[in-house]
Amino acid sequence: MTNPEVRIGVFVCDCGSNIAGTVDTEALRAYAEELPGVVAAIRNKYTCADPGQQEIQTAIREHNLNRVVVASCSPTTYEVIFRNCIAGAGLNPYLLEMANIREHCSWVTTGNGKAATEKAKRIVKVAAARARWLIPQEEEQISVTDAALVIGGGVAGIQAALDLADSGHQVYLVEQNPSIGGIMAQLDKVYPDIECSI
Amino acid sequence: MMDVGRHPKIKLLAYSEVEDISGYVGNFKVRIRKKARYVDETQCTSCGDCVEVCPVVIPDEYQVGLGSRRAIYLPFPQAVPSAYLVNAEECMGQNPIACGKCIEACEKGCIDFTMRDEILQIEVGAVVVATGMDLYDPTALDEYGYSSYDNVVTSLEFERLICSGGPLEGHLGRPGDLKFPRRIGFIQCVGSRTQDPERGNPYCSNFCCMNTIKTTQYLHDTYPDVESTVFYTDLRAFGKGFEELLMRSRASGVRYIRGLPGEIHADPESGDLHFMVENTTSNRLESHEFDLLVLAVGAVPSRSTETIRQMVSLSKSPSGFLREAHPKLRPVDTPTKGVFIAGSVESPKDVRECVTQASAAASRASILLNKDRFSVDAITAVVDADLCTKCGICAGVCPFSAIQWAKGEPAKVITAACTGCGTCAAECKFNAIQMRHFSDQAIYAQIDAMLEENPGESIVTFACNWCSYAGADTAGLGRMAYPPHANIIRTMCSGRVSPEFVWYAFRKGAPVVLVSGCHYVDCHYIDANRSTTRRIDGLWDGLEKAGVDPGRLMLEWCSAAEGSRWQHIMEQCEEKRVAVSEAEIKETRQLLNEKKTPGPRNPRSRDEHQPAEFRCLVCGESWDGVYQASQERICPVCRSNSVRWIRVKN
């Protein structure tokens, strides 16, 4: 199931000692280099820092990479940053795959470097396999009607309606009762300054 | 409030209800019913001549029933819009022959009983849901005597009693005999912070401590003779200026006693109230007597939110308030793009917090509305019209109604409404739906890579992006070590996991397959993970039929916060894995490669509420119950969610 045109770059991150303290990152880099479709494997102390990102961009140009695997942390942390990074080098941001060898490996396989390194290898192998099937994606553009519906005319609905209207948007404020005001209008005084509610 | 009525950019639709919302981000279509007021609000001068002649007297909801109003009325003096209305259900007859006194009294002729409800159709790009909260009804708490004694009132009723616009016009008196209440007691946490569902809700209602503190200080400033005593569980004065107000109140002589009263008794002669309370600071049993007791009632989700919630596909937190897209980073967004939440609909709040959150919601909505065009994540479903058999089943499982389908037509995805959960792709038996960025091929390639060498060492783990994958991250952040044999395939939702992926993994030699996702209440795609359970039910049946131990397929729910639960799940999976021998893996591969994969026997709608047997695949516990698709199954012994549903044959 390989795609012959695929040229993957794998970037293994030490994350200081967060990953390299447990995983043999050099062995991982060497392993990654041999995976199908991988044409470059580079190790870095902090891939997310500027020099690390620049190295990714340089490698994309030098090796004519068309897929990037970053073996570092959870995509929830830095996926956006690495997507922007590869986009800066002319790649579609959806051609990035992250291999989470920190939260899912080095941090939870403590005290057992060999097992952690083996797990990291499998994680990178799986990520590279997925990367082969990534294709460029275009985000669809849709039109927006410049008007807002605010449901509920209590203090929150009133404030939201006023802010939106003051920003220049047409607002429809719907309140089920005959008057707006909600519970706030029934209060005599409000804290902390003990002032009138209405 | 007045600004709203005057603002040229705001169309105020009071006495109106949203009947339907369709469409998607940037392009919602809304149907609104504007109820007939029977008074022309553009002509009414609020003179009040009509009210004097109206013969119908009923309790005034603005005064929480402590005052009365007529069937034709102005809700309150500062009402916006400032116009009278007739409540048609209370009016003695819209036929002027039956009554019609108000029509005669109105010189301007504003009253018109031929008025009908109006239906408006509008188009908007964003929706802000601010349907608020209701207050807890303390009737159920018999011991506080709210329904038996006149001089026990709620905090909102007390607001009306002290208000110059209230029924007593600001002359403080107690409801029973209008006597001036010199000794006033406040009871906190009424309907809040209890584990007993008969007595309220488990959450803190946020505003009640400060509201009481404010009231005691106001009483001290206005009526120096009043002695206020507050009975509390904990005093929560955490906001800006709050602690200072509490200190002022204490310095003013307000007594704060930690402990909630037992049963309250009223003296039949005087109407005074007395009770015993355990003061947990001094460890003494105390007796107290008051002229008036105020119950600081908490908040409950507003009854009117539910219909709106269903219209725009929002989810609820366990408390019943609406769920935000992310508790820290997207607190006013919702899982439905283009829909925002503001105020107490999200959780109980005071005025300042409501205002802050409403400004945040307006700002978030503004970001969207300021754009002519809006880009959506490219993780959406795509239908291959050539493979589509036009069955329409995908449209039925889509939680966001993002698939359009008409009989005889191929399904069509409304990309802007699609959130990319992938449950349609997993449901389609004809491979006619592909998810962009989470394609079948990529997932099969991941399974292959995991099982290529030493498959017996690899637990094939599907984890949803939002909860279980994040739960595994949380385990990492907490350095919660666990066995290293699980390999994760991240999908946006567990609903993306097609039964074919599971069969494929077992065919390739997986010892154990784990499908994990959000708890039912946390599902980021409303209820897409109910489809996951339904498919796993089918797979368990199918595996058994094929001669494979169904226990090798595990289903677990784990929230983003449950790092230790993820660790526990990993340990359970590892126990399963080591118990599966090489011979068993070989046999499974043979069985599944030789035979045609058995078709799933999914639960159907007729199984709903039917008696069933449940069996835990982790610890072996079994029990009888009732099948309910909406109920998360959990083993009462080992807390696993790998609980099989077995139909009881009649």
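Because the structure is a prediction, the values reported are computed rather than measured.

Regarding the overall build of chain B
Link 1 in the chain: On a plain count of helices and strands, chain B comes out with 16 helices and 32 strands.
Link 2 in the chain: Its C-alpha atoms give chain B principal-axis dimensions of about 90 × 65 × 50 Å.
Link 3 in the chain: For chain B, restricting intrachain contacts to residue pairs at least 6 apart in sequence, the fraction spanning at least 24 positions comes to 67%.
Link 4 in the chain: Treating the 72 positive side-chain charges of chain B as one cloud and the 83 negative ones as another, the clouds have centres 6 Å apart.

Digging into the domain arrangement of chain A
Link 1 in the chain: You can read the domains of chain A as domain 1 (8–131) and domain 2 (147–196).
Link 2 in the chain: The gap between the C-alpha centroids of domain 1 of chain A and domain 2 of chain A is 50 Å.

Considering the side chain of Asn27 of chain B
Link 1 in the chain: In this structure, Asn27 of chain B sits in strand E3 (residues 27–34).
Link 2 in the chain: On the basis of relative accessible area, Asn27 of chain B is assigned to the buried category, the value being 17%.
Link 3 in the chain: Sequence-distant contacts of Asn27 of chain B, that is, excluding residues within four places in its chain, are made with Ser143 and Thr145 of chain A together with Ser22, Val124 and Gly125 of chain B.

What to know about the pattern of salt bridges
All names here are of chain B.
Link 1 in the chain: Tallying each qualifying case throughout the model produces 47 salt bridges over all chains.
Link 2 in the chain: Among the salt bridges present, the one from Glu19 reaches Arg33, with a minimum N-O distance of 2.7 Å. A residue pair is termed long-range when its members are at least 10 positions apart, and Glu19 in strand E2 (residues 16–24) and Arg33 in strand E3 qualify at 14 residues.
Link 3 in the chain: Judged by its relative accessible area of 29%, Arg33 falls in the partly exposed class.
Link 4 in the chain: Here Arg496 and Asp440 are joined by a salt bridge, their closest N and O atoms 2.6 Å apart. In this pair, Arg496 is assigned in the loop between strand E27 (486–491) and helix H13 (499–507) and Asp440 in helix H11 (residues 440–451), connecting sequence segments 56 residues apart.
Link 5 in the chain: Here Arg496 falls in the buried class, since its relative accessible area comes to 2%.
Link 6 in the chain: One salt-bridge network, in which partners are shared between bridges, spans Arg174, Asp177, Lys179, Arg183, Asp272, Glu289 and Asp291.

Comments concerning the interface of chain B and chain A
Link 1 in the chain: Taken together, the contacts link 121 residues of chain B with 80 residues of chain A.
Link 2 in the chain: Run the count over chain B and chain A and you get three salt bridges.
Link 3 in the chain: Residue Lys125 of chain A pairs with Glu453 of chain B through a salt bridge whose shortest N-O separation is 3.1 Å.
Link 4 in the chain: At the boundary of chain B and chain A, one finds 55 residue pairs in polar contact (both at pLDDT 80 or more).

Conventions and cut-offs
Residues numbered from 1 in each chain as written. Chains lettered and ligands numbered in written order. Predicted model: local features only at pLDDT ≥ 70, side-chain atom pairs only at ≥ 80, totals over all residues. Heavy atoms only, no water. Helix = DSSP H or I, 4+ residues; strand = E, 2+ residues; numbered from the N terminus. Contact = heavy atoms within 4.5 Å. Lys, Arg positive; Asp, Glu negative; His and termini not counted. Charge placed at Lys NZ, Arg CZ, Asp CG, Glu CD. Domains from an automatic or database assignment. Buried < 20%, exposed > 50% of the residue type's maximum accessible area, 1.4 Å probe, protein only. Salt bridge = Lys/Arg side-chain N within 4 Å of Asp/Glu carboxyl O. Polar contact = N/O pair within 3.5 Å; in protein donor to acceptor, adjacent residues only side chain to side chain.

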